[in-house]
Every structure is written in C-alpha cells, then in structure tokens.
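# Geometric and topological summary
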Amino acid sequence: LATLYLVATPIGNLSDFSTRAVETLQSVDQIACEDTRTSGVLLQHFQISKPTFSFHQHNEHQKVKHLMNLLNGGLNIALISDAGMPGISDPGFLATREAHQNGHEIIAIPGPDAATTALAVSGLPCDRFIFEGFLPPKKGRQTRIQEIAESDITSVVYESPHKLVRFLEKLHEYAGDERWVCVARELTKKFEEKDRAQLGELLPRWREKKSIKGEIAVVIAGKTYSE
Ligand code: SAM
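What counts and how
- Residues numbered from 1 in each chain as written.
- Predicted model: local features only at pLDDT ≥ 70, side-chain atom pairs only at ≥ 80, totals over all residues.
- Helix = DSSP H or I, 4+ residues; strand = E, 2+ residues; numbered from the N terminus.
- Buried ≥ 20, exposed ≤ 12 C-beta atoms within 10 Å, placed from the backbone.
- Contact = placed C-beta atoms within 7 Å.
- Pairing = 2+ DSSP bridges.
- Axes fitted to C-alpha atoms, helices over the stretch in contact; angles between N-to-C directions.
- Near = placed C-beta within 6 Å.
- Nonpolar A, V, L, I, M, F, W, Y, C, P; charged D, E, K, R; others polar.
- UniProt positions renumbered as here; feature names shortened; annotations may be inferred.
- pLDDT = per-residue confidence, 0-100.
- Expected span 1.5 Å × (residues − 1).

### So, the overall build of the protein
Scanning the protein for helices and strands turns up eight helices and 10 strands. Taking the principal axes of the C-alpha coordinates as reference, the protein spans close to 55 × 35 × 30 Å. Evaluated residue by residue, the protein yields a buried proportion of 34% over its 227 residues. Taking contacts inside the protein between residues at least 6 apart in sequence as the whole, the part at least 24 apart equals 72%.

### Quick notes on the sheet that holds strand β7 (residues 154-159)
Reading across the sheet, the five strands line up as β6-β7-β10-β8-β9 and stay open at both edges, with mixed pairing between neighbours. The strands lining the two open edges of the sheet, one partner per strand, are β6 (129-134) and β9 (193-198). On average, each strand axis in the sheet is tilted by 15 degrees relative to the strand beside it, whichever way the strands run. Taken together, the five bridges between strand β8 (residues 180-185) and strand β10 (residues 216-220) define a ladder with antiparallel strand orientation. Following the sheet pairing, Val183 is matched in β10 by Val218. Strands in contact with helix α8 (residues 199-208) are β8 and β9; relative to β9, the strand with the most contacts, it is inclined by about 135 degrees.

### Focus: the site of the ligand
Around the ligand sit 24 residues in total, of which Gly84, Asp113, Ala114, Tyr158 and Leu187 are the nearest. Elements with a contribution of two residues or more to the shell around the ligand: α5 (114-122), β7, β8 and β10. Its residues placed into classes, the shell around the ligand shows 11 nonpolar, six polar and seven charged.

### Some words on the UniProt feature "domain: Tetrapyrrole methylase" (unreviewed entry) in the protein
The UniProt feature table records "domain: Tetrapyrrole methylase" (unreviewed entry) at residues 3-202. Split by type, residues 3-202 is 38% helix and 22% strand. Its first and last C-alpha atoms lie 46 Å apart.

### Here we look at the confidence of the model for the protein
Looking at the protein, the pLDDT average stands at 97 and 100% of residues meet or exceed 70. Element-level mean pLDDT values for the protein span from 94 in helix α3 (residues 60-72) up to 99 in β10.

### Describing the environment of Asn59
Mapped onto the elements of the fold, Asn59 is located in the loop between β3 (52-54) and α3. Between the C-alpha atoms of Asn59 and Pro91, which are 32 residues apart in sequence, the distance is 9.7 Å.

### Regarding the sheet that holds strand β4 (residues 77-80)
Whether parallel or antiparallel, the strands of a sheet pair through hydrogen bonds between backbone atoms. Strand order in the open sheet formed by five strands is β3-β2-β4-β1-β5, with parallel pairing between adjacent strands. Two strands bound the open sheet, and with one partner strand each, they are β3 and β5 (105-109). Averaged over all neighbouring strand pairs, the angle between strand axes comes to 25 degrees, with direction disregarded. Sheet analysis places strand β2 (residues 30-33) next to β4, joined by four bridges and oriented parallel. Directly across from Ile31, in β4, lies its bridge partner Ala78. Sheet contacts for helix α2 (residues 36-45): β2, β3 and β4; angle to β3, the most-contacted strand, approximately 150 degrees.

### Considering helix α7 (residues 164-175)
Under the 1.5 Å per step criterion, the end-to-end length of α7 is 16 Å for 12 residues, consistent within 8% with the ideal 16 Å. At its buried positions, α7 is contacted by α6 (141-150), β7, α8 and β10. Immediately beyond the C-terminal end of α7, within one or two residues, lies Gly176, with a positive phi of roughly 80 degrees.

Rendered as structure tokens:
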C-alpha cells in the first residue's frame, strides 16, 4: 500500500506554500499535476525535481487508472492542482475516492483555498456557509442563483471575470438592493481587492468598469442578514 498526498498550492502568492508542502513534494515518487506547465513554475521555484504527469479534469477517469496503478505498485504520489486545494473545484475527488477504496493512505497537506479565504475577509457571517463553486453555465444556473438568494446562510461562488456582472445582475433580480455581498478579487496577489456592500450600491460599481480581470470569489450573505 502507498500514500496519496493532496497538497494545497498557493492561490497567487508563492510565499503561502508551506514547509510541509515542499517537504512532501520532495519526498514522493511522482507528482500528479492538473497542468504540468503551471506546476512547473512552482516546482522550479522551490527546487523540486520529481517526475510529473498530467491529471486534469477532462481526462480524470482515465488518469485515475494510471494513478491507481502507481499507488498499487507501492509508489507514493502527490496530487496538486493549478491553485489551492485539490478537489475543491479542481480534480481530486475521483482519485481520492478510489485511493480509499483500494486501501491506500490519504494525507492532505492543507493550505490556501479561495473559498474560505474570501469568506474570512468578507466580514459576512462565517459560522455557516454553502460552497457553490462554479455555477452551471446554462442549464440550472438560474435555479441555483434563486437558491442562493433564498438561502438563510452565507454562500460562496467562484465566478469568471467576464461573467461577474451578469451574475450580480441575476442575483440582484432575486435578492434585491439590500443584500450584502463581498466580491473578493485577486486574493493574496498584488492587486487584491475586496468590494463589500449591499447589492444596490455594489452592482452599479461593477457595471461601470470597462474591463474586469483576475480571479474572483463572491460571498453572498444570507437572506435575513442585516447590519
Ligand atoms: N482549488 C482552488 C481552491 O482551493 O480555491 C479553486 C480552483 S478553481 C478552478 C479557480 C477559481 O477559484 C477562480 O476562477 C476563482 O473563482 C477562485 N480563485 C482562485 N484563486 C483566487 C484568488 N486569488 N482570488 C479570488 N478568487 C480566486
């Protein structure tokens, strides 16, 4: 039996990579990377030279087989994604499930993730929350936004910059002017930004922007929250 390590990587700031994460990557036999080129930058920075292989969402089923063969052969493998915690809106779930089913040890090396980082800086209630990840692009999208608007507890959504305004507009339709929202952009990076306000005030600000770039997590307070 072998060990599958789920190693969190920085969501923007390389200094967030932990000592234990580096030591783990140095100790394993191979590293499964969501994107070997993206991870190459990180591995080079920390002078980690280990065999890597690609493990992305589009070929996850097929790659799980390969990964299981390696584990079953007694090799210890680390799984890393492009950023943050593997398995969180990233490949990892299938591999982890199969590793459990095959009796391997699974060890997480925790680290940054955009969802709890955004939640923590939002200044919105963090005692309970729903992680929505990326909403479906078409079918079911509206229903999910409605559910978020109806929720009594805080929600966290990952959204791409070019869809942010459309998302806020739909949310505004269901949740109204008063709803508290925090848009967290480029967390841990040079141009980190938090815009925390009620939708009636926040939405026009984002509508007016000529271009919106970077990585964005949106925190939406529950329906009954007020301040
Ligand atoms: N596994 C990652 C995690 O643990 O958060 C999430 C990966 S998901 C493919 C990438 C999305 O996470 C981005 O589109 C954005 O919504 C969010 N995200 C990642 N880095 C971020 C950052 N520095 N600031 C704000 N949101 C970020």
